[in-house]
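Take a look at the letters that make up each chain.
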Amino acid sequence: MRHHLRIAGLMLGTAMLPLPAQAQTVQELQRQIDELKAQLQELIALQRARAASAPAAETETAPTRSAAAPVVSAPTQARAVAESTPAAAGQAGTTASAQQSAQVSASPEPLTPTAPPASAPVALADATAADTRAWYQRISLRGYTQLRLNEIIAGDATAPEGQSRLRSPHDSGITDQGGFTFRRIRLVLSGDISDDVSFYFQPDFANSVSNQSNDESREGFVQLRDAYVDWFPGGDHRFRLRFGQSKVPFGWENLQSSSSRLTLDRSDGINSAIPSERDIGVVGYFTPPAVQRVWDRLEEDGQKLFGNYGAFGVAVYNGQGINRRERNNGLMTVAMATWPFALDGLGGAFTGQVLEIGGAAMRNRVQPEVRTGGVSDTSFKDERVGIHAILYPQPFGFQAEWNWGRGPEFDPITGTIETRDLNGGYVQGMARVRNSVLGPFMPYVRWQRYRGGWKASTNAPRLETNELELGIEFQPIEPLELTIAYADMTRREPDERRIGRAEGQLIRTQLQWNY
């Protein structure tokens with residue numbers, strides 16, 4: 001405090017020096033210049049003494065940097081005054097205007113510290129506040145809800161006992177009864193416990209429980225979807241370890257959130273690897289800075305990305321599926337890699353385009369549930385390899401995935417579950433219209449095919465799927481997304497007690513609101 005008062009006094013005294021018009025002789029002008037030089041030297045000495053007493057504290061704050069500015073300019077100003085003195089001394093008969101010019105050169109006005117930008121101390125305070133906030137102050141709550149209406153307009157809505165009906169393992173609302181259903185009601189609670197630890201918790205309130213009264217189901221039950229914690233041991237958030245129940249890194253669209261996916265459901269071929277997409281385990285993700293920069297650019301552009309996952313992932317899980325206990329004292333192992341390539345260098349139509357390609361592999365042994373109750377006594381091989389490619393729409397794009405492998409499948413001839421070959425995937429084209437009278441919209445077309453078992457259903461029934469879907473997603477206002485789709489399906493019902501394939505056409509609608 002004393003130091004600041006002394007500096008203020010020196011500056012005030014300097015400002016009260018006689019005006020140039022009051023200087024009568026060159027000697028009086030020289031005296032004023034000498035007094036100014038003495039004051040400057042004292043100011044420099046005081047500033048150096050203070051810096052030596054507390055260097056760390058003084059060099060880290062914006063006010064100190066501002067106070068140091070006069071010290072840099074003071075010697076320069078003194079040199080300018082000294083250089084002007086011989087000229088004044090050699091001209092005793094100098095006019096009053098010449099004396100005024102010399103006095104202006106010696107004016108202490110440049111000593112006034114330049115005020116620091118108003119935002120500098122504010123930004124520093126905000127950064128400090130962000131670092132010192134308690135973990136419960138860094139928690140966010142968000143979510144989304146999907147309301148659907150499916151209508152079978154032609155085909156096998158019903159069938160005799162033992163014959164397949166037009167049904168899908170992804171949407172229980174596809175029935176001959178029609179009506180509105182909630183497909184998802186999700187809440188996400190997430191936040192940072194510390195700079196290096198974050199958590200994520202997501203339940204779903206749109207689940208049903210079967211076999212209640214006379215085989216009726218009940219809707220609106222809560223089921224755990226995600227519950228995990230991320231640890232960033234390196235401190236730079238390039239590498240993370242994830243512990244808990246989370247998505248398994250196999251299949252690009254499996255990792256993509258249902259709130260972001262363009263099509264209403266995931267494809268049978270890719271989702272059959274990890275029905276419900278999740279399991280309990282540990283996974284490590286790594287994202288190089290070059291990849292993160294491309295993803296950041298895509299996110300800023302409003303593209304539908306595949307979520308908060310790395311470019312490379314290696315994981316171990318129980319392997320029995322979501323919310324199920326481990327059964328065979330073994331672990332599922334998964335590895336994934338994906339890389340986005342910016343195509344700007346090709347010029348022309350490729351400017352702004354990004355092509356992302358990658359693949360994944362998994363090894364597992366699974367024990368499906370059986371019709372007689374419980375799970376199979378035998379654990380079956382469940383092994384796959386898959387590839388994916390995505391050209392983000394700018395304005396046109398495409399997306400494709402395929403996988404091959406072996407897994408459990410019910411054999412209707414022997415009446416037992418066996419390990420059999422499987423393969424399937426999809427090809428999808430889409431476009432993006434950013435502005436219209438109806439708001440942004442994205443039309444799409446997707447063809448999918450799958451031949452193989454569905455291990456999540458009782459007795460791992462075989463699926464035989466061919467489906468063509470055409471749809472369009474509108475976003476009239478930011479919180480609302482409306483999707484209307486037409487589907488031409490040929491499917492085998494996911495029930496080993498029914499054989500053959502059903503055919504039909506559907507009109508499907510979904511309203512999603514985000515909060």
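Just so it is clear, the model here is predicted, and its values are computed rather than measured.

## Some remarks on the overall build of the protein chain
The secondary structure content of the protein chain amounts to nine helices and 18 strands. Put simply, the protein chain has 515 residues, and 43% of those count as buried. Taking the intrachain contacts of the protein chain between residues at least 6 apart in sequence as the baseline, contacts between residues at least 24 apart amount to 64%. On the protein chain, roughly 25800 Å² of surface is accessible, and the fraction owed to carbon and sulfur atoms is 58%.

## Thoughts on helix α9 (residues 289-300)
Compared with an ideal rise of 1.5 Å per residue, which puts 12 residues at 16 Å, α9 spans 16 Å between its outermost C-alpha atoms and is within 8% of the ideal. Along α9, the positions that sit buried rather than exposed are V291, V294, W295 and L298. Burial along α9 is one-sided: seen end-on, the buried residues are contained in an arc of 95°. Opposite its buried face, α9 presents the exposed residues R293 and E300, each directed more than 90 degrees away. A positive backbone phi angle near 85° is found at G302, which sits one or two residues after α9.

## Things to note about the pairing of strand β4 (residues 218-231)
Consecutive residues of a regular strand have side chains that alternate between opposite faces of the sheet. When strand β3 (residues 197-209) meets β4, the two strands line up antiparallel, connected through 10 bridges. Paired with V209 across the strands is R218, a residue of β4.

## A look at the pattern of salt bridges
Counting across every chain of the model gives 38 salt bridges. One salt bridge in this structure joins R138 and D195, with 3.4 Å as the shortest N-O distance. A residue pair is termed long-range when its members are at least 10 positions apart, and R138 in the loop between α6 (119-132) and β1 (139-155) and D195 in the loop between β2 (180-192) and β3 qualify at 57 residues. When its relative accessible area of 15% is taken as the criterion, R138 is described as buried. The class for D195 is partly exposed, based on a relative accessible area of 49%.

What counts, and at which threshold
Counting of residues starts from 1 at the beginning of each chain's written sequence and follows it residue by residue. Local features in this predicted model are restricted to residues whose pLDDT is 70 or higher, and side-chain atom pairs enter the listing and the counts only when it is 80 or higher, whereas totals over whole chains, interfaces and linings include all residues. Note that the side-chain values use all heavy atoms of the structure and ignore hydrogens as well as water. Numbering of helices and strands runs from the N terminus; a helix is a DSSP stretch of H or I covering at least four residues, while a strand is a stretch of E covering at least two. The classification of residues rests on relative accessible area computed with a 1.4 Å probe and restricted to protein chains. Under 20% of the type maximum is buried, over 50% is exposed, and intermediate values are partly exposed. Between two residues, a contact is recorded if the distance between any of their heavy atoms is within 4.5 Å. Computed by Shrake-Rupley with a 1.4 Å probe, the accessible areas treat only the displayed protein chains as cover when residues are assessed. Residue count minus one, scaled by 1.5 Å, sets the expected span of a helix. Directions pointing from the helix axis toward each C-beta atom define the arc. Should DSSP find at least two bridges between two strands, the strands are taken to pair. Any carboxyl oxygen of Asp or Glu within 4 Å of a side-chain nitrogen of Lys or Arg constitutes a salt bridge here.

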